[in-house]
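# Fold and geometry: a report
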Amino acid sequence: MSLSNEALTGGFAEPVYNAQSVFKMLMDAMARPGTIQTVAPEVVPPAPLGLAAGAIALTLCDHDTPVWLSATLGKSAVPAWLGFHTGAAMTDDKLEARFALAETVVTLSSLGQFSVGTQEYPDRSTTLIQEIESLEGGAELALSGPGIRDISMIAPKGLPENFLRVWNENRAQFPRGADLVLTAGRHFLCLPRTTKITATEM
């Protein structure tokens, strides 16, 4: 089967340098949960995958990292695009996936659908890259935990209504649990499994 032009183009212009740049931003965002990062390298992933989500996928995925895609992404040119640029194989098995990508808004009943790692190897869990409407302008959430001095506030717009319940169930499995990257356009923030998230009083 021949690949479409959409799958062959739109990757990093300078793959090594650009991937290093995005990786450094990811490490900083994981170390400082809730900090909004802006992806500088230009990538053009197939719709409906956003720029930040595409750049993160190009940075993290390779032939050793099975990737799960939500139904809409799976029916687009995204599987061919990721396969061509990273060598990653797609999987329908959420428990097998090292990375998972979902467009706005896929409501998840539980992050436990994905791999949460083991007590011995908690790092073998899935990292979910979730596109939402915006990282600002929504209901305020208070973050606390490692990497956060006192309290950090975020206000993502477009999270599913069951988000706090799903997150608290995930966090309760520590040191196991999935990590979450929220993306919107060229912006993203990270929520490692160690982060406590609570709704603020209105």
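A brief structural summary. (Residues numbered from 1 in each chain as written. Predicted model: local features only at pLDDT ≥ 70, side-chain atom pairs only at ≥ 80, totals over all residues. Heavy atoms only, no water.)

### A word on the packing of aromatic side chains
Under the criterion given, the structure shown has 2 aromatic pairs. Above the plane of the ring of Y121 lies R124, whose end atom (NZ or CZ) is 3.8 Å from the centre. (Phe/Tyr/Trp six-rings, centres within 6.5 Å; stacked < 30°, edge-to-face > 60°. Lys NZ or Arg CZ within 6 Å of the ring centre and 35° of its normal.)

### Some details on the environment of A178
Tracing the backbone shows A178 in the loop between α6 (163-171) and β7 (179-184). Overall, A178 belongs to the buried group, its relative accessible area being 1%. Sequence-distant contacts of A178, defined by excluding residues within four places in its chain, comprise L111, V116, S125, T126, W167, N170 and R193. (Helix = DSSP H or I, 4+ residues; strand = E, 2+ residues; numbered from the N terminus. Buried < 20%, exposed > 50% of the residue type's maximum accessible area, 1.4 Å probe, protein only. Contact = heavy atoms within 4.5 Å.)

### Brief notes about the pattern of salt bridges
Two side chains that carry opposite charge are able to pair once their charged atoms sit near each other. Summed over the entire model, instances satisfying the criterion amount to 5 salt bridges. Residue R32 pairs with D28 through a salt bridge whose shortest N-O separation is 2.7 Å. Taking the relative accessible area as the measure of exposure, R32 reaches 40% and is therefore partly exposed. The class of D28 is partly exposed, set by a relative accessible area of 28%. Salt-bridge contacts for R165 lead to E169; the nearest nitrogen and oxygen are separated by 3.1 Å. Here E169 and R165 lie together in helix α6, a separation of 4 residues that amounts to about one turn. On the basis of relative accessibility, which here comes to 41%, the residue R165 falls in the partly exposed class. (Salt bridge = Lys/Arg side-chain N within 4 Å of Asp/Glu carboxyl O.)

### Things to note about the environment of S70
Examined against the element boundaries, S70 turns out to sit in the loop between β2 (67-69) and α4 (71-74). Here S70 falls in the buried class, since its relative accessible area comes to 2%. Measuring from C-alpha to C-alpha, the distance between S70 and E103 comes to 7.1 Å, with 33 residues separating the pair along the chain.

### With respect to α6
Every buried residue of α6 is listed here: F163, V166, W167 and N170. The buried residues of α6 all sit within an arc of 95° when viewed along its axis, so they share a single face. As for α6, its buried residues are in contact with β5 (141-144), β7, β8 (187-191) and β9 (196-199). (Arc of directions from axis to C-beta.)

### What about the environment of K196?
Take K196: it is sitting in strand β9. Along the chain, K196 and W167 lie 29 residues apart, while their C-alpha atoms are 8.6 Å from each other. Leaving out residues up to four positions away in the same chain, K196 has contacts with A142, L143, S144 and R171.

### Structural notes on the sheet that holds strand β4 (residues 127-131)
Taken together, 6 strands build an open sheet; the order of strands is β1-β8-β7-β4-β3-β2 and the sheet is mixed. For this open sheet the edge positions go to β1 (37-38) and β2, each flanked by a neighbour on one side alone. Against the sheet, helix α2 (residues 15-31) makes contact with β1, β7 and β8, and its axis sits at roughly 45° relative to β8, the strand it touches most. (Pairing = 2+ DSSP bridges. Axes fitted to C-alpha atoms, helices over the stretch in contact; angles between N-to-C directions.)

### Describing the nonpolar core
Ranked by size, the top nonpolar core spans 30 residues in total, and within it V22, V39, L101 and F188 carry the most contacts. Listing elements by their share of this core, those giving two or more residues are α2, α3 (51-60), β2, α5 (78-86), β3 (99-102) and β8. In terms of residue count, α3 provides more of this core than any other element does, 7 residues in total. Judged by nonpolar contacts, the second largest core, of 23 residues, contains A100, L135, V166 and L182. (Core = buried A, V, L, I, M, F, W, Y, C linked by side-chain atoms within 4.5 Å.)

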